[in-house]
Amino acid sequence: MPSYSDVHRAVRVEKFKIWFAWVSGGIIWLIITNATKDVAIVSVITQVLLVVLGILSTIAAVKMTRALNRKDDAARREVLGDL
């Protein structure tokens, strides 16, 4: 049975990975959008994709973070005996 500090550390690392991937993906999409700004139809398509995929990836990242927070909270309650 892992201790609370082990679970908390693992949750913190996973949250960092999630948000690092989110930021990295956003930067990549902004670079792609900037690179296609001179091509009319491709620029519009990449801008729409940037917005849609940005919203979807944000929703996914928030859901994953909330799930990790619940896991962390359950481990804390188990250690403290607040079941």
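Shown above is the structure to which this text applies.
In this text, all values refer to a predicted model and were calculated from it rather than measured experimentally.

## Remarks on the overall build of the protein
Working step 1: Across its full length, the protein holds two helices and zero strands.
Working step 2: Taken over C-alpha atoms, the radius of gyration comes to 19 Å for the protein, far larger than the 12 Å a tight globule of 83 residues would show.
Working step 3: Counting all 83 residues of the protein, 14% fall into the buried class.
Working step 4: Across the protein, contacts joining residues at least 24 apart in sequence account for 66% of those joining residues at least 6 apart.
Working step 5: About 6200 Å² of surface is accessible on the protein, with carbon and sulfur atoms providing 70% of the total.

## Brief notes about helix 2 (residues 40-80)
Working step 1: Look at helix 2: 59 Å from first C-alpha to last across 41 residues, which is about the 60 Å you get at 1.5 Å a residue.
Working step 2: Within helix 2 the residues assigned to the buried category are Ser43, Thr46, Ala61, Thr65, Leu68, Asp72 and Ala75.
Working step 3: Summarising the contacts, the buried residues of helix 2 are in contact with helix 1 (4-35).
Working step 4: Looking one or two places after helix 2, you find Gly81, whose phi comes out positive at around 80°.

## Considering helix 1
Working step 1: Compared with an ideal rise of 1.5 Å per residue, which puts 32 residues at 46 Å, helix 1 spans 46 Å between its outermost C-alpha atoms and is within 8% of the ideal.
Working step 2: Among all positions of helix 1, only Val7, Val11, Ile18 and Thr33 are buried.
Working step 3: Buried residues along helix 1 sit in contact with helix 2.

## Topic: the environment of Tyr4
Working step 1: As for its position among the elements, Tyr4 is in helix 1.
Working step 2: Note on Tyr4: relative accessible area 24%, which makes it partly exposed.
Working step 3: Each C-alpha atom of the pair Tyr4 and Val79 lies 6.6 Å from the other, and the pair is 75 residues apart in sequence.
Working step 4: Here Tyr4 is in contact with Asp72, Ala75, Arg76 and Val79, once residues within four sequence places are set aside.

## Quick notes on the packing of helix 1 against helix 2
Working step 1: Here helix 1 crosses helix 2 at 175°, and the two axes come no closer than 9 Å. The angle between helix 1 and helix 2 falls in the class roughly antiparallel.
Working step 2: Of the residues assigned to the contact of helix 1 with helix 2, the class counts are 18 nonpolar, nine polar and five charged.

## Quick word on the environment of Val39
Working step 1: Assignment of secondary structure puts Val39 in the loop between helix 1 and helix 2.
Working step 2: Each C-alpha atom of the pair Val39 and Ala61 lies 31 Å from the other, and the pair is 22 residues apart in sequence.

Rules behind the numbers
- Residues numbered from 1 in each chain as written.
- Predicted model: local features only at pLDDT ≥ 70, side-chain atom pairs only at ≥ 80, totals over all residues.
- Heavy atoms only, no water.
- Helix = DSSP H or I, 4+ residues; strand = E, 2+ residues; numbered from the N terminus.
- Rg over C-alpha atoms; globule rule 2.2 N^0.38 Å.
- Buried < 20%, exposed > 50% of the residue type's maximum accessible area, 1.4 Å probe, protein only.
- Contact = heavy atoms within 4.5 Å.
- Areas by Shrake-Rupley, 256 points an atom, 1.4 Å probe, with all protein chains shown as cover.
- Expected span 1.5 Å × (residues − 1).
- Axes fitted to C-alpha atoms, helices over the stretch in contact; angles between N-to-C directions.
- Parallel < 35°, antiparallel > 145°, perpendicular 65-115°, else oblique.
- Nonpolar A, V, L, I, M, F, W, Y, C, P; charged D, E, K, R; others polar.

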